[in-house]
Amino acid sequence: MKASLVSLLLPAAASARFIEANEVNRILPYTDALLKEAETPERYLIELSPGKTQWVTEDEKWQLRREGLNFMDITENGDLGSLNIASKATPVFPEKVQLQSEIHPLLKTLSKDLLKEHLEKFSSFHTRYYKSDYGRQSSEWLLKTVRDTIKEAGADKYGVKAEHFKHSWGQNSIIATIPGQSNSTVVIGAHQDSINLWLPSVLPAPGADDDGSGTVTILEAFRVLLSSEDVIKGNAPNTIEFHWYSAEEGGLLGSQAIFSDYEKKGRDVKAMLQQDMTGYVQGTLDAGKPESVGVITDFVDAGLTAFIKKVIEEYCEIPWVETKCGYACSDHASASKAGYPSAFVIESTFGDSDQHIHSTDDLIKYLSFDHMLQHARMTLALVYELGFTDFEKLKSENEMGEL
């Protein structure tokens, strides 16, 4: 915008036929100031850890990411958490899983073929960089795919829907909603954008694992969840949402915008699970370790994380392993900052996770769809268990037990 204004003004100043003697002195300082302003890169306020902030340019953002540092870009959402965080109550989750008879038959219908089909398409975009037109196109494709999934299940007749949550940068987030008996909500999330940290606007970023794998993993769980008549007819005590966030790579921008909106509206989110990178297992195997699901233990809700471990033990065919990823390492951090219980599950320990990400080499050929299927099993089981949890009753029973 600034450069365009300068380009319009300079020809006019240079070609003016009648200029007073002192007019040049008035024009040139003004155009010089515009040029200087145009050359000054935009700066963003980032949060590297709770309370630790600094102003950076976009290039400095990518340099920090290349150095392995995560952050939240809080330029537009500096007030996130200011409403809920002070009144946050300790959440209560079930002590054990209970819905095996309903969930185990559903797990058998998860499809590796669909995971592969969707990921091949999703990673075929030149990039899914959130400021690019490819990022917009990939988001449009994803929304259409989610809507087609709803229609094919006949769930649209019962009020199940998917909509864009719009952003100023072009690539919109997506929210799919399955209404329940209350407005209390269980959220499953993944991020849809990808990035090449060297030249984001130019170089390819297939993002097969980061986070194409998480995107298609929760899409497949969503598809199978809609095969439950109890779910699509709204019989679950809680509303269920699936989120595909834009601009995670830019500092959790899409998820911050959504959870800031939820916080301001007083939305009651009972639990949020993020799935970011679910397909790479070779690093674990090369290290001589057993294939497992990585459960993040730092900057997450302890109660929800403990319940997720129980879900993995009951419904997955591989064990869990604890790992850490630091502050703001994915979109669950936005939910957490807003005061909502959140958790994050990844493909392995953080140290054994995919090293091809954020480059042209984040490709399907390195991924295991069998491993992705384990994440889909965990996602489907968790959202079903929590979707049918009576949180108010659970809270009352817990309070009675403390008396």
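Residues numbered from 1 in each chain as written. Predicted model: local features only at pLDDT ≥ 70, side-chain atom pairs only at ≥ 80, totals over all residues. Heavy atoms only, no water.

**Some words on the environment of Val160**
Position of Val160 relative to the elements: it lies in the loop between helix H6 (133–152) and strand E4 (161–165). The class of Val160 is buried, set by a relative accessible area of 5%. Spatially, the C-alpha atoms of Val160 and Ala176 are 7.4 Å apart, while their sequence positions differ by 16 residues. In this view, Val160 contacts Ile150, Ala155, Thr177, Ile178, Pro179, Phe222, Leu226 and Ile232; residues no more than four positions away in its chain are not counted. (Helix = DSSP H or I, 4+ residues; strand = E, 2+ residues; numbered from the N terminus. Buried < 20%, exposed > 50% of the residue type's maximum accessible area, 1.4 Å probe, protein only. Contact = heavy atoms within 4.5 Å.)

**Digging into the sheet that holds strand E2 (residues 52–57)**
Strand order across the open sheet formed by 3 strands is E2-E1-E3, with antiparallel pairing between neighbours. Of all the strands in the sheet, the pair left with one neighbour each is E2 and strand E3 (72–73). Sheet topology note: the strand E1 (residues 43–49)/E3 ladder contains 2 bridges and is antiparallel. In the strand pairing of E3, Ile46 is matched with Asp73. Each of E1, E2 and E3 is contacted by helix H3 (residues 58–66), which is oriented at about 120° to E2, the strand it contacts most. (Pairing = 2+ DSSP bridges. Axes fitted to C-alpha atoms, helices over the stretch in contact; angles between N-to-C directions.)

**Quick look at the state of the cysteines**
Note on terminology: disulfide describes a covalent bond linking the sulfur atoms of two cysteines. Applying the stated criterion across every chain yields a total of 1 disulfide. The disulfide bridge from Cys325 ends at Cys329, spanning 1.9 Å between sulfur atoms. No difference in accessibility class separates Cys325 from Cys329, as the two residues are buried. (Disulfide = S-S within 2.5 Å.)

**Overview of the nonpolar core**
Of all hydrophobic cores here, the largest spans 68 residues; its most connected members are Val146, Phe222, Leu225, Phe242, Trp244, Ile308 and Leu386. With 11 residues, helix H13 (residues 369–387) is the largest single contributor of residues to this core. Excluding residues that lie within four positions of it along the chain, Phe222 makes contacts with Val146, Thr149, Ile150, Val160, Ala176, Ile178 and Phe242. Leu45, Val269, Tyr327 and Ala338 belong to the second-largest nonpolar core, a separate cluster that totals 21 residues. (Core = buried A, V, L, I, M, F, W, Y, C linked by side-chain atoms within 4.5 Å.)

**Observations regarding the sheet that holds strand E6 (residues 185–191)**
Reading across the sheet, the 8 strands line up as E4-E5-E7-E6-E8-E11-E9-E10 and stay open at both edges, with mixed pairing between neighbours. Looking at strand neighbours, the two that pair on one side only are E4 and strand E10 (320–323), the edges of this open sheet. Averaged over all pairs of adjacent strands, the angle between their axes in this sheet comes to 25°, without regard to strand direction. Sheet topology note: the strand E5 (residues 173–178)/strand E7 (residues 239–245) ladder contains 5 bridges and is antiparallel. Considered in E7, the bridge of Ala176 is made with Phe242.

**Concerning H3**
Taken residue by residue, H3 has Glu58, Lys61, Trp62, Leu64 and Arg65 as its buried positions. Projected onto a plane normal to the axis of H3, the buried residues spread over an arc of 155° and lie on a single side. Tucked into the core, H3 has its buried residues touching E1, E2 and E3. Looking one or two places after H3, you find Gly68, whose phi comes out positive at around 85°. (Arc of directions from axis to C-beta.)

**Things to note about the packing of aromatic side chains**
Scanning all chains against the criterion turns up 13 aromatic pairs. Grouped by ring-pair contacts, the aromatic residues Trp62, Tyr129, Tyr130 and Trp169 constitute a single cluster. Across the ring face of Trp320, the terminal group of Lys309 is positioned such that the distance to the ring centre comes to 4.5 Å. (Phe/Tyr/Trp six-rings, centres within 6.5 Å; stacked < 30°, edge-to-face > 60°. Lys NZ or Arg CZ within 6 Å of the ring centre and 35° of its normal.)

**Describing the environment of Ala257**
Tracing the sequence through the fold places Ala257 in helix H9 (residues 253–265). The sequence separation of Ala257 and Phe165 amounts to 92 residues, and the corresponding C-alpha distance is 8.9 Å. Residue contacts for Ala257: discarding those within four places in its chain leaves Asn77, Phe165 and His167.

**Here's the deal with the pairing of strand E8 (residues 269–275)**
Burial analysis of E8 places 7 of its 7 residues in the buried class, the great majority of the element. Of the strand pairs in this sheet, E6 and E8 are connected by 5 bridges, and their pairing is parallel. If you follow Val187 over to E8, its bridge partner there is Met272. Pairing between E8 and strand E11 (residues 342–346): 4 bridges, direction parallel. Bridging from a neighbouring strand, Met272 pairs with Ser342 of E11.

**As for the packing of helix H5 (residues 112–122) against helix H7 (residues 208–225)**
For the pair H5 and H7, interaxial distance at closest approach is 9 Å and the crossing angle is 135°. Classified by the interaxial angle, the pair formed by H5 and H7 is oblique. At the point where H5 passes H7, the crossing takes the right-handed sense. When H5 is examined against H7, the residues Leu114, Leu115, His118, Leu119 and Phe122 are found in contact with a partner set consisting of Ala208, Gly212, Ser213, Thr215, Val216, Thr217, Leu219, Glu220 and Arg223. Its residues placed into classes, the contact of H5 with H7 shows 7 nonpolar, 5 polar and 2 charged. (Parallel < 35°, antiparallel > 145°, perpendicular 65-115°, else oblique. Left-handed = near helix turned anticlockwise from the far one by under 90°. Nonpolar A, V, L, I, M, F, W, Y, C, P; charged D, E, K, R; others polar.)

Honestly, that's just the spatial picture; any functional story needs more than this.
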